[in-house]
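# Fold and contact review
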Amino acid sequence: MKDMIRNLAGWLAGAALAYHGAAIAQDKPAGYPVKPIRLVVAVAPGAGADAIARAVAQMLTDRWGQNAVVDNRSGGGGVIATELVANAAPDGYTLLSQGDTVLYQGAQKRVPFDVLKAFDPVVSTSTQPYILLVNLGLPIKSIKDMIAYSKTRTLDYSGSTGIGSPVHLSMERFALLSGARLLYVPYKGSAPAIIAVIGGEIHMAVASSIAASSAMRTGKVRALATLGLTRVPTMPDLPTVAEQGFPGFKITNRYNLWAPAGTPREIIAAINRVVSEGMHSPQMAKRLEADGSQPAEHMTPGQLKATMARELAEIEQQLKQLNIKIQ
């Protein structure tokens, strides 16, 4: 775990250089910020979402001269963090840094509110594929091996933010497609899940390319596939699941910032500008690319909200097709 945190620190240091020195007063809304900004993250330190949140916090700190800090609130499949921010004052000082999991929580009615009414989407930060990692002691070197081995013993796995997360539901869909026997085991994010794979507590982990690449460099896990539709440029020898017999199958994620509904529009717009510019700076884009990630498409808050509404409807339709009910 210490190695992974050190790797994260190095990643963050490189990312911070991408935005260091920006004019502090530029784009600063009148009277904001006058106290620290809190970015609530639904995963434990060391995960890809945590790394991105810390890079964003550094951007805001450098730009406006007021500390932005990360508050890790893992557990509950991300619901703990989601509810905390939904109930926070809509003043721009408490933001949720979480992936598309928020939409899945809304589609499954895992939170007692309409997520698109409880939140105002602020900005998308980055997108990245997931990587499927396996314990080195298992005789599994491909997706075909994994499916065959699972017929003799159920393979347990973890990753992302828990039951009902995009990772969980997508892997359930893969199990239906392939006949693989898989069992989801909740952990508080991909970093603890990777540690569990290394230690043999579970067989496999699905981790963002940022977290996975850090673990792969240690040589303590084996990567079976990237779960995007194309190979990761920095991992050219790692095939996709689609290439290994399942055309069209993918699991990707987009990290977003969300604010409690009613947050002043000028604050949301300012954060959107600062973070979008920071993510698309040459140095940051290069750092993301090194770990198989990339800056998210730039959208205004209004465009992002329309996109979220459309994607929520698509997720609801997918859940009906899978017929999976989350308690």
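Refer to the preceding data block for the structure.
Analysis parameters
Residues numbered from 1 in each chain as written. Predicted model: local features only at pLDDT ≥ 70, side-chain atom pairs only at ≥ 80, totals over all residues. Heavy atoms only, no water. Phe/Tyr/Trp six-rings, centres within 6.5 Å; stacked < 30°, edge-to-face > 60°. Helix = DSSP H or I, 4+ residues; strand = E, 2+ residues; numbered from the N terminus. Buried < 20%, exposed > 50% of the residue type's maximum accessible area, 1.4 Å probe, protein only. Axes fitted to C-alpha atoms, helices over the stretch in contact; angles between N-to-C directions. Parallel < 35°, antiparallel > 145°, perpendicular 65-115°, else oblique. Left-handed = near helix turned anticlockwise from the far one by under 90°. Contact = heavy atoms within 4.5 Å. Nonpolar A, V, L, I, M, F, W, Y, C, P; charged D, E, K, R; others polar. Pairing = 2+ DSSP bridges. Right-handed = clockwise from strand over helix to strand, strands pointing away. Polar contact = N/O pair within 3.5 Å; in protein donor to acceptor, adjacent residues only side chain to side chain. Expected span 1.5 Å × (residues − 1). 1 Å grid on protein atoms, 1.4 Å probe; cavity = no way out; pocket = protein on both sides within 12 Å on 5 of 7 lines; lining within 4 Å. Points joined across faces, edges and corners; volume = space filled by probe spheres on them.

### Remarks on the packing of aromatic side chains
Enumeration over the complete set of coordinates arrives at seven aromatic pairs. Relative to W64, the ring of Y32 lies with its centre 5.8 Å away and its plane at 75°, an arrangement referred to as edge-to-face. With Y32 in the loop between α1 (2–17) and β1 (37–41) and W64 in helix α2 (residues 48–64), this pair connects stretches of sequence that are 32 residues apart. Judged by relative accessible area, W64 falls into the buried class, the value being 2%. Pairing Y32 with Y93 gives two aromatic rings, centres 5.0 Å apart and planes at 55°, and the pair type is tilted. Separated by 61 residues along the polypeptide, Y32 in the loop between α1 and β1 and Y93 in the loop between α3 (79–86) and β3 (94–98) bring together distant segments of the chain.

### Some details on the packing of α2 against helix α10 (residues 265–279)
Relative orientation of the contacting elements α2 and α10 amounts to 115°, with a least axis distance of 10 Å. Viewed along their axes, α2 and α10 adopt a mutual orientation that is roughly perpendicular. Where α2 crosses over α10, the two elements pack in a sense that is right-handed. Residues I52, V56, M59, L60, R63 and W64 of α2 pack against A270, I271, V274, V275, E277, G278 and M279 of α10. Partitioning the contact of α2 with α10 into residue classes produces 10 nonpolar, one polar and two charged.

### Details of unusual backbone geometry
Note the cis peptide between Y32 and P33, where omega equals -10°. Take P33: it is sitting in the loop between α1 and β1.

### Some details on the pairing of strand β9 (residues 252–260)
Regular strands show a simple pattern: their side chains alternate between the two faces of the sheet. Taking burial as the measure, the nine residues of β9 include eight buried ones, the bulk of the element. Bridge count between β3 and β9: three bridges; the pairing is antiparallel. By the bridge assignment, S97 is partnered in β9 with L257. Both strand β4 (residues 119–135) and β9 contribute to a ladder of nine bridges, which runs antiparallel. Within the sheet, the bridge partner assigned to S124 lies in β9 and is N256.

### Details of the pairing of strand β2 (residues 68–72)
Sheet topology note: the β1/β2 ladder contains five bridges and is parallel. Counted as the bridge partner of V40 is D71 from β2. Where the polypeptide runs from β1 across α2 and back to β2, its parallel neighbour, the crossover connection is right-handed.

### Here we look at the environment of M279
Turning to its location among the elements, M279 is positioned in helix α10. Among the residues examined, M279 registers a relative accessible area of 1% and is labelled buried. In this structure, the C-alpha to C-alpha distance between M279 and S126, residues 153 residues apart in sequence, is 7.5 Å.

### Re the side chain of N135
Within the fold, N135 resides in strand β4. Engagement of the side chain of N135 in a polar contact is seen with the backbone oxygen of V197, the distance being 2.7 Å. Sequence-distant contacts of N135, defined by excluding residues within four places in its chain, comprise V197, I198, G200, I202, H203 and R222.

### With respect to α10
What sets the pattern is the α-helix's 3.6 residues per turn: residues three or four places apart point alike. In this model, α10 (15 residues) spans 21 Å end to end at C-alpha, consistent with the 21 Å of a helix rising 1.5 Å per residue. Among the residues of α10, those classed as buried are I267, I268, A270, I271, N272, V274, V275, S276, G278 and M279.

### Remarks on the environment of I315
Locating I315 in the fold gives a position in helix α12 (residues 301–322). A relative accessible area of 6% means that I315 is categorised as buried. Spatially, the C-alpha atoms of I315 and L103 are 7.7 Å apart, while their sequence positions differ by 212 residues. Not counting the four nearest positions on each side in its chain, I315 is found in contact with L103, Y104 and A107.

### Regarding α2
Its 17 residues give α2 an end-to-end C-alpha distance of 25 Å, which sits within 8% of 24 Å, the value for a rise of 1.5 Å per residue. Burial analysis of α2 places 15 of its 17 residues in the buried class, which makes it a mostly covered element. With its phi angle positive at about 70°, G65 sits one or two positions after the end of α2.

### A few points about the layout of surface pockets
Estimates place the volume of the largest pocket at around 910 Å³. Taken together, 32 residues line the largest pocket, and the ones lying closest to its centre are D100, K250, I251, T252 and N253. With seven residues, the top contributor of residues to the lining of the largest pocket is α12. Residues of the lining of the largest pocket, tallied by class, amount to 12 nonpolar, 12 polar and eight charged.

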